[in-house]
Amino acid sequence: MTIEDWLKTNVTTDTRALGWYSGPECEDRIVRAYRELLSGYEIDTSKILKTTCLVNGEHTGVVRVQENNFFSICAHHFLPFFGKVNISYVPGDRILGLGKFPRLVQAFSRRFQIQEYLVKEIAEEIMSSGGAKAVRVTSRSRHLCMCSRGPSDQTVITDTSYVAGHQELMAKFGLDD
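In this report, the structure presented in the accompanying data block is examined. In this text, all values refer to a predicted model and were calculated from it rather than measured experimentally.

1. Comments concerning the packing of helix α4 (residues 100-109) against helix α5 (residues 115-128)
As a packed pair, α4 and α5 sit with axes 10 Å apart at the nearest point and diverge in direction by 135°. The angle between α4 and α5 places the two elements in the oblique class. Crossing angle aside, the handedness with which α4 passes α5 is right-handed. In this structure, α4 contributes F101, L104, V105, F108 and S109 to the contact, and α5 contributes L118, E121, I122, E125 and I126. Here the contact of α4 with α5 is composed, by residue class, of seven nonpolar, one polar and two charged.

Set out below in structure tokens:
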């Protein structure tokens, strides 16, 4: 089934809309776009976080990597959502390479996603393959499903967070709020 046929069956039969999708190059262009938007499935996220240096003794602070931009496709509506992810973690026995955090965000966001799972998956990966003692991941984003349909409100911003790890450390460093 071509994209034009799928649209006729499921969305509209209006020739003005379908005219955009009748050319031979159209389907390939759409396929390439979605392969790029969903390229996170090709990435083994457990291999992203690399050690910068080993911790000598106990690390008594927090590492914060703020405002990691992302763009994702909503698993519920097949529409984009986008925003920023903030990561705060208490290192375990190693400090992780800072440049790896934006890559981790991109790997998880370039999949069908919902915002609540995005922050959870990032946090759990930092705990498991990054060896963190505690982590808090927050996200602030706009969902086109809310902007362009349903509530049709372009000003709505959604915040989500996920915390994992040692509860006392999270409280000590303010990661539990």
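2. Considering the side chain of Q115
Summarising the element assignment, Q115 is placed in helix α5. Here S139 takes part through its backbone oxygen, which lies 3.2 Å from a polar atom of the side chain of Q115. Only 2.6 Å separates the side chain of Q115 from the side chain of S141, close enough to count as a polar contact. Discounting chain neighbours no more than four positions away, the residues touching Q115 are F81, S139, R140, S141, H143, T158, D159 and T160.

3. Re the pattern of salt bridges
On inspection of all chains with the given rule, the structure shows eight salt bridges. One salt bridge connects K84 with E67, and the closest N-O pair in it is separated by 3.9 Å. Of this pair, K84 sits in strand β3 (residues 80-90) while E67 sits in strand β2 (residues 63-74), placing them 17 residues apart in sequence. On the accessibility criterion, K84 (31% relative accessible area) is partly exposed. In this structure, E124 engages K120 in a salt bridge whose closest nitrogen and oxygen atoms are separated by 3.8 Å. Here the residue E124 and the residue K120 both occupy positions in helix α5, the gap between them amounting to four residues, near one helical turn.

4. Some remarks on unusual backbone geometry
Notably, E67 is not glycine yet its phi reads approximately 55°, a positive angle. A positive phi is found at F78, a non-glycine position, where the angle reads about 60°. Here F78 shows up in the loop between β2 and β3. Taking relative accessible area as the criterion, F78 reaches 45% and is therefore assigned partly exposed.

5. Here we look at the pairing of β2
Bridge analysis of β2 against β3 gives nine bridges, and the strand direction is antiparallel. Residue pairing for β3: F70 is matched across the bridge by G83. Connecting β2 to the next strand, β3, in antiparallel fashion are five residues, including F78 with a positive phi near 60°. As defined by bridge partners, β2 adjoins strand β5 (residues 112-113) across two bridges and the pair is classed as parallel. Looking at β5, one finds that C74 is bridged to Q113.

How each quantity is defined
Residues numbered from 1 in each chain as written. Predicted model: local features only at pLDDT ≥ 70, side-chain atom pairs only at ≥ 80, totals over all residues. Heavy atoms only, no water. Axes fitted to C-alpha atoms, helices over the stretch in contact; angles between N-to-C directions. Helix = DSSP H or I, 4+ residues; strand = E, 2+ residues; numbered from the N terminus. Parallel < 35°, antiparallel > 145°, perpendicular 65-115°, else oblique. Left-handed = near helix turned anticlockwise from the far one by under 90°. Contact = heavy atoms within 4.5 Å. Nonpolar A, V, L, I, M, F, W, Y, C, P; charged D, E, K, R; others polar. Polar contact = N/O pair within 3.5 Å; in protein donor to acceptor, adjacent residues only side chain to side chain. Salt bridge = Lys/Arg side-chain N within 4 Å of Asp/Glu carboxyl O. Buried < 20%, exposed > 50% of the residue type's maximum accessible area, 1.4 Å probe, protein only. Pairing = 2+ DSSP bridges.

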